[in-house]
Amino acid sequence: MNRMYRAGGRTTALPLIIIAGLFLSLSAFLLIRSATWGAEHALADRQAIQLHDELKARFENQSVLLRALSGPLAGPAPVTEASFAAAVEPLLPLYPNLRAVAWARRIAERDVPLLERAIRSAGHTSFSVRGIEGVEVRDQGTVGMAADRFVNVLAEPRSAAGLIGLDMADLPGHRDLLVRSCAANRVVATDGELLGAELGANSVLLYLPVYSREVDPDNDRVGGRIACDVLTGFLWTSFDIGQLLRDAVRRVGLTVGDAYLLEPPARTDAEAPRLLAAEGAIDRPGELSHPPNHPLTVDQLTGAAAAHAIVRDIAFGGRVWRLYVLPDATRLFSVEDRLAGTMLIGGLLLTAGVAAYVLREARTKRLLRIEARARAAMARALRESEERFRLALRYSKVTLFSQDRDLRHLWVYCPQSDLRPEQMIGRTDADLFPAEEATRMSTIKRSVMEGGTGTRCELELTYGGKRRVLDLSVEPMRDETGAVAGVICAAIDMTEAVEIRDALSRAHAEAERANDAKSRFLAAASHDLRQPFQAMSLFHHILMTKLDDPQQVEVANKLGEALTAGNALLSTLLDTSALEVGNVKPRVTEFDIQDILARLSVEIGDQAIDRGLRLRTVPCSARVQSDPILLERMVRNLLVNALRYTTEGRILLGCRRRSDASGGLRLSIEVWDTGPGIAEAEMTAIFEDFYRCGTEQRDSGRGLGLGLSIVRRMSQMLDHPVTVRSRVGHGTVFAVSVPLVEHRCQCSVAAD
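Every residue gets a number counted from 1 within its own chain, in the order that chain's sequence is written. Given that this is a predicted model, residues contribute local features only at a pLDDT of at least 70 and side-chain atom pairs are listed and counted only at 80 or more, while totals for whole chains, interfaces and linings are drawn from all residues. No hydrogens and no water enter the side-chain calculation; it runs on all heavy atoms of the structure.

1. Description of the overall build of the protein chain
Only runs of H or I of at least four residues qualify as helices and only runs of E of at least two qualify as strands under DSSP, and these elements are numbered from the N terminus. When its secondary structure is counted, the protein chain shows 19 helices and 21 strands. Burial status across the protein chain gives 40% buried among its 752 residues. Whether two residues touch is decided by their heavy atoms; if any such pair falls within 4.5 Å, the residues are in contact. For the protein chain, contacts bridging at least 24 residues in sequence account for 66% of all contacts bridging at least 6. Reported accessibility uses the Shrake-Rupley method at a 1.4 Å probe radius. Residues are deemed covered only where the shown protein chains occlude them. Surface accessibility of the protein chain: about 42,100 Å² in total, with carbon and sulfur atoms responsible for 55%. Accessibility here uses a 1.4 Å probe with only protein chains present; expressed as a share of the type maximum, an area under 20% marks a residue as buried, one over 50% as exposed, and anything in between as partly exposed.

2. What to know about the packing of aromatic side chains
The way to describe two aromatic rings as a pair is by their centre distance and the angle between their planes. Stacked, edge-to-face and tilted are the three classes for Phe, Tyr and Trp ring pairs, Trp counted by its six-membered ring, which pair at centre distances within 6.5 Å; planes under 30 degrees apart are stacked, over 60 edge-to-face, the rest tilted. All chains considered together, the criterion is met by 6 aromatic pairs. Ring geometry for Phe150 versus Phe234: centroids 5.3 Å apart, planes at 65 degrees, classification edge-to-face. Here Phe234 lies in strand 5 (residues 231-240) and Phe150 lies in strand 2 (residues 149-156), a separation of 84 residues in the sequence. For the pair formed by Phe150 and Phe234, the shared burial category is buried. Ring pairs connect the aromatic residues Phe59, Phe239, Phe316 and Trp321, which therefore count as one cluster.

3. What about the pattern of salt bridges?
We count a salt bridge whenever a side-chain nitrogen from Lys or Arg sits within 4 Å of a carboxyl oxygen from Asp or Glu. Per the stated rule, a full pass over the model turns up 23 salt bridges. Note that Arg319 is salt-bridged to Glu263, the shortest N-O span being 1.8 Å. Of the two residues, Arg319 sits in strand 9 (residues 319-327) while Glu263 sits in strand 6 (residues 257-263), which places them 56 residues apart along the sequence. The salt bridge involving Arg599 is made with Glu632; its shortest N-O contact spans 2.9 Å. Of this pair, Arg599 sits in helix 17 (residues 593-610) while Glu632 sits in helix 18 (residues 628-645), placing them 33 residues apart in sequence. Classification of Glu632 by relative accessible area gives buried; the value is 10%. It is possible to trace a salt-bridge network through shared partners that takes in Asp191, Glu263, Arg274 and Arg319.

This is the structure we're talking about:
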């Protein structure tokens, strides 16, 4: 390169270097940006599929609800308003988007006065069979099912009481829909636009036919007419499809863009599709509402924007809903382009550095000559200090030796008695060691001489019939001119340490494989293990609705208790496995601690009353920074533990403000109980897996001893220290320390 400068090639070399650097930098930027766009599109498609499956599952859940409630209605025993409410009310919290559940009883036209008198005598003095105001009434000359009425006689919740007395068959298009549902014995869906005043906007109705006996229309020669003859009515439900989409988006964790749910027209020549609901991407965990970031109309969705949207059809109950997922527009030089931008900037800087190096290389040559003279003087000084160095190493365990370019030993220092220097001087590795080992050592040393850079490695060899493991360091040895004249090496005998290390490594690897196999099996089988319990719980609920004999009911109740206990034990075991595998990832956010305290007060309070205890919760207005789901599970486990071991007295849940060692503010969430207490010797053991304190004195049939071990794992995951204080015979207090968000926390604390 110096010759090129002297020949006048400087003007052509620099432009070539700059052009090549710019070309490579821009190419790397475009390649990485293309890969980023592909990953973003794959993520959007995957989340669209997940959202479609979640919506389809939630539609199916509505059908499961109807079939679960249809059992008593098909039986011979009459269903009263109280029994209907008792069956529906426990299920309402499980369906937050549910607006109404009603029983539309089939009544012949001639029996309408009898029905009105019966309902009025039951307490509904203003009951009357009616249709929707302003809607044309059907032809009274029809016969059969087309002439019958389907009158709502039962409705839940109480806010839906205005639906009682309404003839659902008088709604436009509903009678034909009910006839098809009866003949096919299938759930059908329709919109509830005409019932907007009673049910709200964007309501969807699901109808389930209920027969007086079991029918199979597919094998009926008369095409479903016999099935309709034994029809007793329709059990129907109404739900908010907007809330359904919002819950599905929050469940999936949509982050790529906006989601829209449209209802296509029934005919191709009909009006445009109707927009039912829209939901935006989740920006922050914990938000309850996510409006679209870029709201679009129906015309925009079905127009130019449709080319960029991911479209999925959801077919259910004879209707089709169309899901649009519109990913956010990708911007050039966005946050996702950090790597591509870094590569571009790095390439430009590297190009500039190379150009600067080329310009400075000529001036560096003069400095190299000065450095060569300095190295010659340093070599003389090193030779003078060799004897002093030999004296310093006389009592060490390090073997030192140097070799020339032919790898003949020039100088050897060895503190071991079986390696005699006089037997090694002037000989090569091939003369002292087996051929294979000599070749391996020669390769390492020659690579150091050729590259001029030292190396360090662990080497196994045989000398004098003994196996040795050496920690070998090889450095180039230079002469007065700076040229590599050989190598200088240092070797430390590590034979005993390596044997111990290998034995420990094998034992540790075996233990890790066994533990990982167990954890992966439990984590992978989580869904398959939970599903049978869920199915048994559903069948148990249906069985309870069909039993009248008190002895049978008692046996069924004990079966339900066994299922609940088994499900709880399995869930605890699977949660522990998920924490060990690392499937649980905390999502830290800011929230009010009172939200958790209120839910736990209601949930655990009822259980405490059943056991003859009293749960007292002290309100708190503090805001904390944590994962709300994991923190609630920690506090719930502590409350359940206190409830299990406390036989009389009370349980207290409250908060205190504390200061940590660094001066920061933290909130101590404390659970007090009046149980038997914990001995000092068991304070550490209670957080271990499968440890149950004093099982010979307490109910050992409830729990595997994993509650506090799960609390310990979550505490380590969230960095929320857990402390425990106890007095035997007086009670125990567990405290969880959580970071505070606000500087001032006005929270009430129990007096004692």
